[in-house]
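Here are the chains, one letter per residue:
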Amino acid sequence: MATAGVLDASEIGRTAGMVQAAGLRYAYRSGAPVLHDVDLEVRVGEIVALVGPNGAGKSTLLRILAGDLVPGAGTLELPARRSAAGRVMLGYAAEEGAHFESLSGLQNALFFARAAGLGRAEARAAVAEYIEALGLTAEGQQRVSDYSFGARRKLLLVEALAHRPALTLLDEPFAGLDQASRVALINILRLQAVNRGTVVVASHDLVLLPELADRIVFMHEGRVAASGRVAELLASVGRTTRFEFDLDRRPEGLEGRLRAGIRVVSDGDPLVLEVNRGQGALAEACGALVAAGAVVRSVKVRDADLAEVFRRATGSEFEP
Amino acid sequence: MTALVWGLEWRIALARRRLFVLNTLVPFLLVVPVATGAAPAVHASVVYAVLFAIFSAFGSAIPVVRDAESGIAGRMLRGGISPSSYLLQRAAAGAALDALQLTPALAVAALGAGASPERLLVTFGVLTGTAWIGNLIGPLVAATTRSLAEAALFTAVGTLLLLHMSGVFRTPLPGSYGALFEAASPFRALHESLLSMSLPGPVGGVGALGAWGLLLPAVIAVLAGPITRSLRGVIRG
């Protein structure tokens, strides 16, 4: 993919923080607060994923960064609206976005590329490149009113990315995409970051995000619950594995009857045990319970994945 | 800024062929019975003036609200279109399309009135100017409404009020406030030019139409930011 047109740091006008938000608060008219004192810093060339369940405040935060909403409190620094070269610095794809339904996808994408400051020929080349990369070539000439959900999502991404913005905001970018398009999107965004483009995505997808994001920000009930690089977050849950046991029979004084190295995290239903990570961890935990007189009905493995990081940070299950 | 919105409006209008034909056919069919029915010129000109003025104002306000509700207006504005370009280019394209779509209706009205080509040309020019005003009123109305129904109501009431103040329904007494309003009204020229197709005479209100045609875009250019923020529903939380 071509890299021409990616804005350099001098155009961005700042080399450290592309987005700097502190103490952001937002409440909708209904009065229910959606964001509580959210801090977020995103550096130039960084890919940050906002992760959390529905209602966590991810989309609201993206809408604030996109300028669709104005925070009720807090400070927010964003790049200039346009670069010195006249390019629109922002590319934003909401989870759902309207199009000019009576025009083709190509016409839609060309309009937005031109509006973002690309010349006619440059817009054609960039749009063709992204349409092909995201697998929209077959539908390019069709009216958008005939598009499937997936094709609409791809078109939104093309429109957000074709002008190679300095700051790209994508809400649930993988929704509706086939596997090939997901991989293509990850490659596009990684390349954008290599060329000092900054990307913030909001997503539920804990399988794809580690492949994409440099840093993950877990959000829960309008707050940042945890954040860090994937490796750091995984390390934060320690070198242990947790198991959830459903027991048919629970012996009295279980905790005192387990040997050292096996810790009871929750003595409720289910029973949660934590064991040092390793090949024999499950056998060790099961064996210890049986030896203590318990009858095991079922067991769930909660390895040190990102869902577990979320669970430990918030006390809630991560439900995509 | 290039004429991206102007071009977009034309592409959309031409892509929606059925709507284009309906927009041309409906005013034409409404005018035909009046033009061929030997209606008195005074009455016929009132019908035409109301039809043409409401056609322009409705045709602007309702799509503006619809595009704001769907989110496409917000996407355009966020995507690099400036608020004033969005509103003014859209109004210009709307006025040109309205004039084009009303041409068959105006031609029938002129035929029925036995108007000379010169009178028809003058009336076409005034109609285009009035369509420009109507299309500029649309976004102003849309910015104060929260739904399509409100936009339709406010547009109908506002346009009828302006038509009334233009002396379309009743000639105001000389020296009265009504006469002052009439002299300054943007729709007076349309009414008088339509009347002059049957009863040749001077067309009053052209100066006021020109003044509104310059003043209103300037006001919209100044207020473009607040108008578009209202349309986008940018809300402080």
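Look a little higher up for the structure.
Residues numbered from 1 in each chain as written. Chains lettered and ligands numbered in written order. Predicted model: local features only at pLDDT ≥ 70, side-chain atom pairs only at ≥ 80, totals over all residues.

Participant: Got a sec to walk through the overall build of chain A? Specific residues and values, please.
Facilitator: Tallying secondary structure elements over chain A gives 11 helices and 14 strands in all. Oriented by its inertia axes, the alpha-carbon framework of chain A measures out at about 75 × 45 × 40 Å. For chain A, with 320 residues in total, the buried portion stands at 42%. Sequence-distant contacts, at least 24 apart, represent 72% of the contacts inside chain A between residues at least 6 apart. (Helix = DSSP H or I, 4+ residues; strand = E, 2+ residues; numbered from the N terminus. Buried ≥ 20, exposed ≤ 12 C-beta atoms within 10 Å, placed from the backbone. Contact = placed C-beta atoms within 7 Å.)

Participant: Explain the nonpolar core residue by residue, including any values.
Facilitator: Residue and element names in this part refer to chain A. Membership of the largest hydrophobic core comes to 148 residues, with the highest contact counts inside it found for Val127 and Val158. If we skip the residues at most four places from it in the chain, Val127 touches Leu106, Ala109, Leu110, Ala113, Val158 and Ala162. One finds Phe243, Val275, Ala281 and Ala285 within the second-largest nonpolar core, a separate group that totals seven residues. (Core = buried A, V, L, I, M, F, W, Y, C linked by C-beta atoms within 7 Å.)

Participant: Could you give an account of the packing of helix 3 (residues 41-70) of chain B against helix 6 (residues 117-143) of chain B, with specific residues and numbers?
Facilitator: Residues and elements named next belong to chain B. At a minimum axis distance of 7 Å, the contact between helix 3 and helix 6 shows a crossing angle of 35°. In terms of crossing hand, the pair formed by helix 3 and helix 6 is right-handed. Counted together, Phe52, Ala53, Ser56, Ala57, Ser60, Ala61, Val64, Val65 and Ala68 of helix 3 and Leu127, Thr130, Ala131, Gly134, Asn135, Ile137, Gly138, Pro139, Val141 and Ala142 of helix 6 form the full contact between these two elements. Of the residues in the contact of helix 3 with helix 6, the class split is 13 nonpolar, six polar and no charged. (Axes fitted to C-alpha atoms, helices over the stretch in contact; angles between N-to-C directions. Left-handed = near helix turned anticlockwise from the far one by under 90°. Nonpolar A, V, L, I, M, F, W, Y, C, P; charged D, E, K, R; others polar.)

Participant: Can you break down the environment of A:Glu319 residue by residue, with the values?
Facilitator: All names here are of chain A. When you line up the elements, Glu319 lands in the segment after helix 11 (306-314). By C-beta crowding, Glu319 is classed as exposed, having 9 other C-beta atoms within 10 Å. Along the backbone, Glu319 and Asn54 are 265 residues apart, and their C-alpha atoms lie at a distance of 8.5 Å.

Participant: Explain the sheet that holds strand 13 (residues 271-276) of chain A residue by residue, including any values.
Facilitator: All names here are of chain A. Here four strands make up an open sheet; going across it, the order is 12-13-11-14 and the pairing antiparallel. In the strand order of this sheet, the two ends are held by strand 12 (262-266) and strand 14 (295-302), each with one partner. Across the sheet, the mean angle from the axis of one strand to that of its neighbour is 30°, orientation sign disregarded. (Pairing = 2+ DSSP bridges.)

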